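# What the coordinates show
Below are the chains, spelled out letter by letter.
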Number of protein chains: 2
Amino acid sequence: MALSPAEPSPKQAAKPLLAVLNGERCDPPPMWMMRQAGRYLPEYRQLREQKGGFLDLVYDSDAAAEITLQPLRRFPQLDAAILFSDILIVPFAIGQNLTFVAGEGPRLTPPLVNAALDALTAYPARLDPIYETVRKVRAHLSPGKTLIGFAGSPWTVATYMVAGQGSREQGEARRLAYNDPGAFSAIIEKIEAVTFQYLCAQIEAGAEAVQLFDSWSGSLAPAEFEKWVIAPTARLVQRLRKECPNVPIIGFPKGAGGKLAAYARETKVSAVGLDETVDPAWANKQLPAGLPVQGNLDPLALLAGGEQLKDAVTRILDALAGRPHIFNLGHGILQETPIAHVEELIAAVKGDK
Amino acid sequence: MALSPAEPSPKQAAKPLLAVLNGERCDPPPMWMMRQAGRYLPEYRQLREQKGGFLDLVYDSDAAAEITLQPLRRFPQLDAAILFSDILIVPFAIGQNLTFVAGEGPRLTPPLVNAALDALTAYPARLDPIYETVRKVRAHLSPGKTLIGFAGSPWTVATYMVAGQGSREQGEARRLAYNDPGAFSAIIEKIEAVTFQYLCAQIEAGAEAVQLFDSWSGSLAPAEFEKWVIAPTARLVQRLRKECPNVPIIGFPKGAGGKLAAYARETKVSAVGLDETVDPAWANKQLPAGLPVQGNLDPLALLAGGEQLKDAVTRILDALAGRPHIFNLGHGILQETPIAHVEELIAAVKGDK
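Residues numbered from 1 in each chain as written. Chains lettered and ligands numbered in written order. Predicted model: local features only at pLDDT ≥ 70, side-chain atom pairs only at ≥ 80, totals over all residues. Heavy atoms only, no water.

## So, the relation of the copies chain A and chain B
When chain A is fitted to chain B, the best match, at an RMSD of 0.0 Å, comes from turning it 180 degrees and sliding it 0.0 Å along the axis. Interpreted geometrically, this transformation is the action of a two-fold axis. Counting the interface residues of chain A, we find that 97% of their copies in chain B are interface residues as well, pointing to one common contact surface. (Least-squares fit on C-alpha atoms with pLDDT ≥ 70 in both. Contact = heavy atoms within 4.5 Å.)

In structure tokens:
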């Protein structure tokens, strides 16, 4: 008996990644890799040598669009492009100065640990080039591929705004949150408001799904996690749903550990990203039935390659066979990763199916 | 109706901490604080100024015993002393050289990332002064107080032995484990064997319970966590149980997140420590019924003090009211912590009961 045209097989979905985010299963699963546009790619390194520093590339929307598309040219089986940008564009628009110090990472000045939030002068136009990148990528994206926009979560962005840089266990932000919850709350709400505008505008420019990176959610005590991760994310999700009801939101609370299910239930994100430390079989049991998940190969397993890479892929595919699943890493791809290992990974996930 | 003398109220246990580790509930719970012997105490800082560096203190068993006892003199309501020592004494005995660089932390040379394990010359006598400290502490410990010995878990100790120092996300050890599981396994087994001897000798010298610190278990992918955290810990627990059947073993897999219940079930530790990021209500549901737990106040909540400290204590006490519980921090006390806040904490836990 032939399938009726009204019931296409999931693998024929026009955009498999969007189909999964909308609750379908696809076999093989759609896949992309966090930081897939980046330094492990020779074509990226070449462009970077020509064009200057990281922030120069982000603000050159032709270059940023080109970089966003590079991994899909090299690996046509990837199902999504993710905007080449940085989560710290939001504090830059809120009015902190942003620089990237080679070998040391980002610097935001003045750090809010010793400056008042309302002393900053907002520069919303600092977001405009990002939207231009989104438009350019969308215009060049192959059919079947999904364009993912993103922002940092309010908590993770706040950790940088308070410390002025990456910080050991996010101590500065966590202290401010305990010692002056009013001041910290104002910072979170400011980020939340700008992020809402920012994601709406990315969607208007062509992003078809968005991801909220909560890279530092892992350091918070449970009551603080409720206040500073779950509550702001839930508010943001609610506002985005109202404004753009058809755009799925992937929440990625890295390090949430045992608080993952509470995060998924209470924020009502469309899908949840699993970092590489999460046992996918455990997550499958803990998370609401049918909730799409994304993840969660250890980038070090990809770096190592070989049989253990294949085994790791199989374990993840098997554990998540019962729910909508987007294959991804559990953390960004490492710059030392051989291209050949990425090819092995794609073959292992996509197979001959 | 009077209680029969054969059924003492749990609060009258001769050693409340040991009673809880043996599965009883005590009300109020016994308590101690990780790093309670340390830099937040003026009497420790004074001794350190007189006597030299950290390692000098560890190897001066009179000083180490004095430091171990200091917090119990200042806070007589604490229920346990924990040996003043360091988890890196084991690699020192295995034959790496150990130094503490001021402001930078420990250095082990040669790092095993580029040296062979069997090129090291073992110095088991480097462990002897530690046993002397245990004997001295035990001789001076008040009745009712419990002396806790400790070691690092094989995985956590291996991360330092491989990298030669603390390392970002334990990348060196995790890579070696993927790239050369045979070589890594040999390191783990060596640590396991020395740690078994070390803990047995601490127990013989007077330690009444032991804690295995797995400070870096949080960075491992689930299959690696099974191989390098759970399996070696399970073997160690089994051997210790056989040798010293009455000595409880507290496992503290910091950052284990969703893998906590698997750790508890599979290692068969006597009690499990919860780090500050664990929701104790969630842990209470996930962990085997009746398993004693220890934890898990955020050291930053103690640093901040005030009403939120009291609230945080209440949340933990309430969440764990249904099982044997040792009150503790979820991580070491911070050196900036005011003594007055520790007094507030003890009053909040011990109350007027």
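The rest of the description comes next.
## Some details on the environment of B:Glu24
Its place among the elements puts B:Glu24 in the loop between helix H1 (16–21) and helix H2 (42–51). Taking the C-alpha atoms as reference, B:Glu24 lies 8.3 Å from B:Pro292; in sequence the two are 268 residues apart. (Helix = DSSP H or I, 4+ residues; strand = E, 2+ residues; numbered from the N terminus.)

## Quick look at the side chain of A:Gln211
Residue and element names in this part refer to chain A. By secondary structure assignment, the location of Gln 211 is in strand E5 (residues 209–214). Here Gln 294 takes part through its side chain, which lies 2.9 Å from a polar atom of the side chain of Gln 211. Other than its neighbours up to four places away in sequence, Gln 211 contacts Trp 32, Met 34, Ile 148, Gly 149, Phe 150, Ala 151, Ile 250, Phe 252 and Gln 294. (Polar contact = N/O pair within 3.5 Å; in protein donor to acceptor, adjacent residues only side chain to side chain.)

## Describing the sheet that holds strand E8 (residues 293–297) of chain B
Residues and elements named next belong to chain B. As summarised here, the arrangement of the seven strands in space is E1-E4-E5-E6-E7-E8-E9, forming an open sheet in which the pairing is parallel. Among the strands making up the open sheet, the edge pair consists of strand E1 (80–82) and strand E9 (325–329). Within the sheet, the average angular offset between the axes of one strand and its neighbour, ignoring direction, is 25 degrees. By the bridge criterion, five bridges tie strand E5 (residues 209–214) to strand E6 (residues 249–253) in an arrangement that is parallel. Pairing of Leu 212 across the sheet is with Gly 251, part of E6. (Pairing = 2+ DSSP bridges. Axes fitted to C-alpha atoms, helices over the stretch in contact; angles between N-to-C directions.)

## Focus on helix H6 (residues 128–140) of chain A
All names here are of chain A. When the terminal C-alpha atoms of H6 are compared, their 19 Å separation across 13 residues agrees well with the 18 Å that a helix rising 1.5 Å per residue should span. Buried within H6 we find Ile 130, Tyr 131, Thr 133, Val 134 and Val 137. For H6, the arc enclosing every buried residue in end-on projection is 155 degrees, short of the 170-degree limit, so these residues lie on one face. For H6, the exposed residues set more than 90 degrees away from the buried face come down to Ala 139 and His 140. Taken together, the buried residues of H6 touch helix H3 (54–59), helix H4 (61–74), strand E1 (80–82), helix H5 (89–94), strand E4 (146–152) and helix H9 (181–205). (Expected span 1.5 Å × (residues − 1). Buried < 20%, exposed > 50% of the residue type's maximum accessible area, 1.4 Å probe, protein only. Arc of directions from axis to C-beta.)

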